Amino acid sequence: MQKYAKILESVRTTSPLVHQITNYVTVNDCANITLCIGASPVMSHAPEDIIDMTWAASALVLNIGTLDPDQIAGMLAAGNIAAEKKIPIILDPAGAGATPYRTRTAKQLIEELPISVIKGNTGEIGTLAGTAATVRGVDSGGVFGNKKIIVRELASRLGCVVIMSGAEDLISNGSRVAAVANGAPIMGRLSGTGCMASAVVGTFAAVAPDLMDGCISAMASMGIAGEVAAKTAAGPGSFKPAFFDAVAVLTPEQVAASAKIIEY
Amino acid sequence: MQKYAKILESVRTTSPLVHQITNYVTVNDCANITLCIGASPVMSHAPEDIIDMTWAASALVLNIGTLDPDQIAGMLAAGNIAAEKKIPIILDPAGAGATPYRTRTAKQLIEELPISVIKGNTGEIGTLAGTAATVRGVDSGGVFGNKKIIVRELASRLGCVVIMSGAEDLISNGSRVAAVANGAPIMGRLSGTGCMASAVVGTFAAVAPDLMDGCISAMASMGIAGEVAAKTAAGPGSFKPAFFDAVAVLTPEQVAASAKIIEY
Amino acid sequence: MQKYAKILESVRTTSPLVHQITNYVTVNDCANITLCIGASPVMSHAPEDIIDMTWAASALVLNIGTLDPDQIAGMLAAGNIAAEKKIPIILDPAGAGATPYRTRTAKQLIEELPISVIKGNTGEIGTLAGTAATVRGVDSGGVFGNKKIIVRELASRLGCVVIMSGAEDLISNGSRVAAVANGAPIMGRLSGTGCMASAVVGTFAAVAPDLMDGCISAMASMGIAGEVAAKTAAGPGSFKPAFFDAVAVLTPEQVAASAKIIEY
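**Comments concerning the relation of the copies chain B and chain A**
Each copy of the sequence occupies a distinct position, and chain B is placed on chain A by a rotation of 120° and an axial shift of 0.0 Å, giving an RMSD of 0.0 Å. The symmetry that links the two subunits is that of a three-fold axis. Relative to the rotation axis, the closest C-alpha in chain B is found at B:Tyr24, a distance of 3.8 Å. Comparing contact sets, just 14% of the residues at the interface of chain B also lie at the interface in chain A, consistent with a heterologous contact between different surfaces.

Okay, structure coming up:
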């Protein structure tokens, strides 16, 4: 587990700048989780601003939770700079499968940009994999088929890391498949935990020697902090500040000791 | 009080998808309150996305707190789909009376869409009723005249339910008039309690057999949770997580026992 | 210290309406801090709405944290009304120095509008002063030269009050230079404390007999509340509600007793 712990340590010592083009519902939570984990968030969307800001960043997170044509244009412009600068691009296909526009946009971003990591819930990843899957709003329904195979094949086909989040997060780079079993059910009752996970994945991807390891460490870190916060929370309202606190004091030692990672 | 309690029970068992086109100031609070009460929020605004998303939803909430022409066009497009699908449309005319643009837009939405419920503060409802009323920013000033008559006549004239929120919420469908006296003064010191109430009204309207009953139950539920949270809160900051917690654990039994509803 | 305490008292008794055109990352925090300090926030951005709303307000806060051309046009329109109505305009040049677009926009707003107060971090103020300074994302890097001289000369050149926030806030109106040493390190780990400070500066500027005194009082008030909240907070997550609570109960007596103000 030491290699996963070390990635959190790197985040803390290098404090990467993570550029996030994301939705207006949970953007504040994404900024705060990035600060709490030890990095520096910045949000920018205007064509005039986006190129310079992406050039200064160490990772780019694209989240289509409240997408529109201007935002997609911005994502493509930022993505091209990220590609040129060779920094990781993380895609959160929020709501893919719920409407044709979201599904189409997620696929367009995957086609036009060298995406490094796709992180979605079961329904979203299932949709992108072309499996029968359901998404309602931005919430996951089920998926038909073996999840591990779906994740591995999608990762292999697209040449990136795929994360299917859930009670057990499944992560694959096309060859390796891992499961992270950290987390707490209450995380599903708070808006934005998925978006925050994508921000943290972007942060870890910015510093990790191996992308797959970075994704595993990010999801385990989120989950462990969630377990800590769930112990004291009386509900989703008090869980939120407790979660930010737990992320802020999370240590590499905690990750090494508490990560529940299975490699298949 | 049993019929009001049963509506909360329905929310919890059916978990309706509530599509919200709202302001960027309190949108995160609206998402979280919807999750806490037991439903599923989704926010979408692009013309390309809005029709499919509304089609999937069980209620549509329109809040003009930070309006602009593109958003109004989106509201009309979504509203037409909601009308076709016959799901309730809730209008929060935030700031109507404060500027001509807000007043005009609220009236336009009422004219062009089959609005099911209008929920505003005293000044906003007074403005729409054509009574002498004052609104400063998005905060209510006073209104001239008998509030119960204003609410009933506006509801009767527009053929919808009207909710005038305040220390005592007044609710009418044009024939019945009810008052809900739950709530706590500290709710006025937190940004977004009005917007959250509209989200909850939309959620209850999605499942209630009778729209007026749904509105009464929604306002009572918000108020009771506010009373619970106010007991432990040291100020508006700690009230907020406590309020989300109280909404999340609110039971139909609590609503039956604590609702302060007077029908006139 | 009595004169600084009295300005907070004025905020509480007059409850000014503060119009804020700001970023979508921390806008909810700006609304809540304005309510907690005792004033009334309103956010509006559409050309159709902005003029009437600014006309109703007692101060205008412009924050370029997530700027784009439409927003800049709105800021200029609102700023011209503020100038005509002679209400103070506060500029938070968030991210100036990080990208040419932000630097250019901050300078454009300063050139075209009668800005009353500029409040930025060390790197942002250094950038506007033409000193060698660094800004990464929206976070301050260092600045070359004597900070007190930089602040005073920029204030003198622009004919406004300049606030350079930091562990010690430096404030000058071109002749007087003051330092406010209140605050707590944890404030730097929460997204939006800088934006909230600008909202509070706008609120105090709306009522203060002297603009420089108003800025000093605002920064001291923020800092004292931060010190109070830091004592009970377990991390940035729990600091946030505690901070809002502390601002809401902050008394003029506390300001008089705890403000650490040095005039040079």
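Once you've had a look at it, read on.
**Re the interface of chain A and chain C**
The interface is formed by 28 residues belonging to chain A together with 27 residues belonging to chain C. Considering each element in turn, the side of chain A that touches chain C owes the most residues, 8 residues, to helix H10 (residues 236-249) of chain A. When the residues that make up the side of chain A that touches chain C are grouped by side-chain class, the tally is 18 nonpolar, 5 polar and 5 charged.

**Notes on the interface of chain B and chain A**
Contacts between chain B and chain A engage 28 residues on the former and 27 residues on the latter. Within the residue set of the side of chain B that touches chain A, elements represented by two or more residues are helix H2 (27-37), strand E2 (40-43), helix H3 (47-56) and helix H10 (236-249) of chain B. A total of 8 residues in the side of chain B that touches chain A trace back to one element, the largest contributor, which is H10(B).

**Quick look at the packing of helix H2 (residues 27-37) of chain C against helix H10 (residues 236-249) of chain C**
Residues and elements named next belong to chain C. The N-to-C vectors of H2 and H10 enclose an angle of 30°; their axes lie 7 Å apart at closest approach. Accordingly, the angle class assigned to the pair H2 and H10 is roughly parallel. Here Asn32, Ile33, Cys36 and Ile37 of H2 lie close against H10, whose contacting residues are Phe244, Val247 and Ala248. Grouping the amino acids of the contact of H2 with H10 by side-chain chemistry returns 6 nonpolar, 1 polar and no charged.

**Quick look at unusual backbone geometry**
Residue and element names in this part refer to chain A. With a phi angle near 60°, Lys86 is a residue other than glycine that sits in the positive phi range. Checked against the element boundaries, Lys86 lands in the loop between helix H4 (69-85) and strand E4 (89-92). With 8 C-beta atoms counted inside 10 Å, the residue Lys86 sits in the exposed group.

**As for the sheet that holds strand E4 (residues 89-92) of chain C**
Residues and elements named next belong to chain C. Across the sheet, which stays open at both edges, the 9 strands sit in the order E2-E1-E3-E4-E5-E8-E9-E10-E11 with mixed pairing between neighbours. Each end of this open sheet is capped by a strand with a single partner; those strands are strand E2 (40-42) and strand E11 (261-263). Taken pair by pair, the neighbouring strands of this sheet meet at an average axis angle of 20°, ignoring direction. In the sheet, strand E8 (residues 161-165) pairs with strand E9 (residues 169-172) via 3 bridges, with the strands oriented antiparallel. Paired with Val162 across the bridge in E9 is Ser172.

**Some thoughts on the confidence of the model for chain A**
The pLDDT averaged across chain A works out to 96; a share of 100% of its residues lies at or above 70. At the level of chain-chain contacts, confidence expressed as ipTM amounts to 0.96, with global pTM at 0.97.

**Regarding the environment of A:Glu263**
All names here are of chain A. When you line up the elements, Glu263 lands in strand E11 (residues 261-263). The sequence separation of Glu263 and Arg176 amounts to 87 residues, and the corresponding C-alpha distance is 7.4 Å. Once you skip the residues sitting within four places of it in the chain, Glu263 turns out to touch Arg176 and Ala178.

**Some remarks on the relation of the copies chain A and chain C**
When chain A is brought onto chain C, the operation consists of a screw motion whose angular component is 120° and whose axial shift is 0.0 Å, with 0.0 Å RMSD remaining. Here only 14% of the interface residues in chain A have copies in chain C that are interface residues too; the copies meet through unlike faces.

**Some points on the sheet that holds strand E9 (residues 169-172) of chain B**
All names here are of chain B. With mixed pairing, the 9 strands of this open sheet are ordered in space as E2-E1-E3-E4-E5-E8-E9-E10-E11. Of all the strands in the sheet, the pair left with one neighbour each is E2 and strand E11 (261-263). With strand direction ignored, the average angle separating the axes of adjacent strands in the sheet is 20°. Relative to strand E4 (residues 89-92), strand E3 (residues 59-63) runs parallel, the two sharing 4 bridges. Bridge pairing in E4 links Asn63 to Asp92.

**Examining H4(A)**
Helical geometry note: an α-helix holds 3.6 residues per turn, so side chains three or four residues apart project in the same direction. Residues and elements named next belong to chain A. If you check H4, its first and last C-alpha atoms are 24 Å apart, about what 17 residues at 1.5 Å a residue would give, namely 24 Å. The set of residues buried in H4 consists of Gln71, Ile72, Gly74, Met75, Ala78, Gly79 and Ala82. The arc that holds every buried residue of H4, seen down its axis, measures 155°, which confines them to one face. In H4, the exposed residues that point more than 90 degrees away from the buried face are Pro69 and Glu84. Those residues of H4 that are buried lie in contact with strand E1 (17-21), helix H3 (47-56), strand E3 (59-63), E4 and helix H5 (100-112). At the exit of H4 stands Lys86, carrying a positive phi of roughly 60°.

**Observations regarding the pairing of strand E6 (residues 133-136) of chain C**
Residue and element names in this part refer to chain C. On E6, burial follows the alternation: Ala133 and Val135 on one face are buried, whereas Thr134 and Arg136 on the facing-out side are not. Looking at chain direction, E6 and strand E7 (residues 139-143) are connected through 3 bridges and run antiparallel. Residue pairing across strands places Ala133 opposite Val143, the latter belonging to E7. Adjacent in sequence and paired antiparallel, E6 and E7 are bridged by 2 residues, among which Gly137 carries a positive phi angle near 65°.

Procedures and definitions
Residues numbered from 1 in each chain as written. Chains lettered and ligands numbered in written order. Predicted model: local features only at pLDDT ≥ 70, side-chain atom pairs only at ≥ 80, totals over all residues. Least-squares fit on C-alpha atoms with pLDDT ≥ 70 in both. Contact = placed C-beta atoms within 7 Å. Helix = DSSP H or I, 4+ residues; strand = E, 2+ residues; numbered from the N terminus. Nonpolar A, V, L, I, M, F, W, Y, C, P; charged D, E, K, R; others polar. Axes fitted to C-alpha atoms, helices over the stretch in contact; angles between N-to-C directions. Parallel < 35°, antiparallel > 145°, perpendicular 65-115°, else oblique. Buried ≥ 20, exposed ≤ 12 C-beta atoms within 10 Å, placed from the backbone. Pairing = 2+ DSSP bridges. pLDDT = per-residue confidence, 0-100. Expected span 1.5 Å × (residues − 1). Arc of directions from axis to C-beta.

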